[in-house]
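Chain by chain, the residues run as shown.
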Amino acid sequence: MSIQYIDLNADYAQNNKQAYVVDMAAIRQKLSRLLLTKRGSIPFNRGYGCSLYSLLFENNQAMELYQIEILLYQDITEWMPEIKIRTNSVNITQITPNSFQVDVTFTVPALNNEVGSLSQTITSK
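Analysis parameters
- Residues numbered from 1 in each chain as written.
- Predicted model: local features only at pLDDT ≥ 70, side-chain atom pairs only at ≥ 80, totals over all residues.
- Heavy atoms only, no water.
- Helix = DSSP H or I, 4+ residues; strand = E, 2+ residues; numbered from the N terminus.
- Buried < 20%, exposed > 50% of the residue type's maximum accessible area, 1.4 Å probe, protein only.
- Areas by Shrake-Rupley, 256 points an atom, 1.4 Å probe, with all protein chains shown as cover.
- Pairing = 2+ DSSP bridges.
- Axes fitted to C-alpha atoms, helices over the stretch in contact; angles between N-to-C directions.

Enquirer: Can you tell me about the overall build of the protein chain, naming the residues and giving the values?
Expert: Along the backbone of the protein chain there are three helices and five strands. Along the protein chain, helices and strands appear, N-terminal first, in the series β-β-α-α-α-β-β-β. The proportion of buried residues among the 125 residues of the protein chain is 38%. Here the protein chain has roughly 7900 Å² of accessible surface; of this, 49% comes from carbon and sulfur atoms.

Set out below in structure tokens:
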């Protein structure tokens, strides 16, 4: 089995021997990192990130959650071309006024169309 995707383990501890995550775990970690990054917060790549924070935590009642789901779909397809998601595979649920649950289901063509999913809580800080 050859490794297609590799990333540093975000939960790596000094005594932990698993410094890397591979394939589906690496994809999930990269997607989680994208969802948790505010657009414009990376100094040399201001375009990277999600528009979730600017849309969800502002007093913007005009935008419905389904419209935000479409924008989130566009962000994911722009920054993660290695995964394929359908428009209706991104769901946002409001938990509290300051936190939202984002659920994404996707496939990875390079991994024989393996299906993966991620459930991430986004909280205003």
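Enquirer: Which residues make up the sheet that holds strand β5 (residues 114-123), and what values go with them?
Expert: One open sheet holds the three strands; their spatial order is β3-β4-β5, and the pairing between them is antiparallel. What marks the edges here is a single partner per strand, and that holds for β3 (90-96) and β5. Direction aside, the axes of adjacent strands within the sheet are offset by 20° on average. Sheet analysis places strand β4 (residues 99-108) next to β5, joined by 10 bridges and oriented antiparallel.

Enquirer: How would you sum up unusual backbone geometry? Please name residues and give values.
Expert: The backbone of N112 sits at a positive phi, close to 55°, despite the residue not being glycine. Along the polypeptide, N112 turns up in the loop between β4 and β5. When its relative accessible area of 72% is taken as the criterion, N112 is described as exposed. In the Ramachandran plot, N113 falls in the positive-phi region, its phi being about 55° despite a non-glycine side chain. Within the fold, N113 resides in the loop between β4 and β5.

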